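# Report on the structure
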Amino acid sequence: MEQKLITRMEQLNSLEKEIESYGKTMVDGAIDNEEYLKSKYKIAWFLKESYSKEEVSQYYRSHFESDDLYEDWFKNVATPTWHPIIYISYSILNGFKTWQELEYIRDNPHMCNVIKNIAIINANKHYSETGTWTDDTNLFKGFKKFENILKNQIDLLEPNVLIFANTFYLYKELFEIKESDKITDLSMEGLPQIYYKDSKIFVDAYHPAYPKKQLENYINSIINSVKITSSNLL
């Protein structure tokens, strides 16, 4: 393993320990630092916050250590959120297959392993104070509390495919995104809105669990946007 990769993994491990030290946090980031850093496209999903009744911090990756991720996790746990994330991430890393070309996860459960190639970044590292729904005031408070950690996390992970699950408004100023960065031809009425800056694509999208009746359009629009810009992503 080259020294640059080793150093970056050590830096990420150190940051994860810092997140853990706050207590009652979900330690997020790359599910597998090595696999993520080696991926052709570094995909980061920017979610709001996690839900847990635990009294101590825990690592996201601790949920994804099974040899059969589908049976032990993704078959039943928060499928409206995780399945679109898997479909989109898998497609981007496997030839940009459309929704119509992709197999169903239940027919190809190996697709779930793509979770180890991506990063999950929560705006609020603490567990939700309101259970399985998010209070915007608490979310913003958590985002501001962890803002410096988030900046460091993003700098270390260096994602070039950034997908915001109804969280773009929190990060727009941080990334200094302007209206002139929008790719109008790829943006849809409402969402998603597509931005390109610094050789990275920024996808302002709904939360994966939201567009139940428009799941096909949701998945295809994000995949297509990344495909079209893929040759310019660094």
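Residues numbered from 1 in each chain as written. Predicted model: local features only at pLDDT ≥ 70, side-chain atom pairs only at ≥ 80, totals over all residues. Heavy atoms only, no water.

For the rest of this paragraph, the subject is the sheet that holds strand β8 (residues 200–205). Here six strands make up an open sheet; going across it, the order is β2-β5-β3-β6-β8-β7 and the pairing mixed. Taken across any chain shown, the strands that pair with only one partner, and hence form the sheet edges, are β2 (29–30) and β7 (193–197). The pairing of strand β3 (residues 43–47) with strand β5 (residues 119–122) spans four bridges and is parallel. What sits directly across from A44, in β5, is A119. (Pairing = 2+ DSSP bridges. Helix = DSSP H or I, 4+ residues; strand = E, 2+ residues; numbered from the N terminus.)

On to the pattern of salt bridges. The full count for this structure, using the stated rule, is eight salt bridges. Across the pair K125 and D28 runs a salt bridge, and its minimum N-O distance is 2.7 Å. Note that K125 is positioned in the loop between β5 and α5 (136–145) and D28 in the loop between β1 (26–27) and β2, a separation of 97 residues in sequence. Comparing K125 with D28 shows no difference in burial state: the two are buried. (Salt bridge = Lys/Arg side-chain N within 4 Å of Asp/Glu carboxyl O. Buried < 20%, exposed > 50% of the residue type's maximum accessible area, 1.4 Å probe, protein only.)

A general trend in soluble globular proteins is that nonpolar side chains are found buried together. Membership of the largest hydrophobic core comes to 44 residues, with the highest contact counts inside it found for W45, F64, F74, W82, I88 and V161. Put simply, the parts of the chain that give this core at least two residues each are β3, α3 (69–74), α4 (79–93), β6 (161–165), β8 and α8 (215–229). If sequence neighbours within four positions are ignored, F74 has contacts with F64, L69, T79, W82, H83, I86, C112 and I115. L12, L15, A30 and I154 belong to the second-largest nonpolar core, a separate cluster that totals 32 residues. (Core = buried A, V, L, I, M, F, W, Y, C linked by side-chain atoms within 4.5 Å. Contact = heavy atoms within 4.5 Å.)

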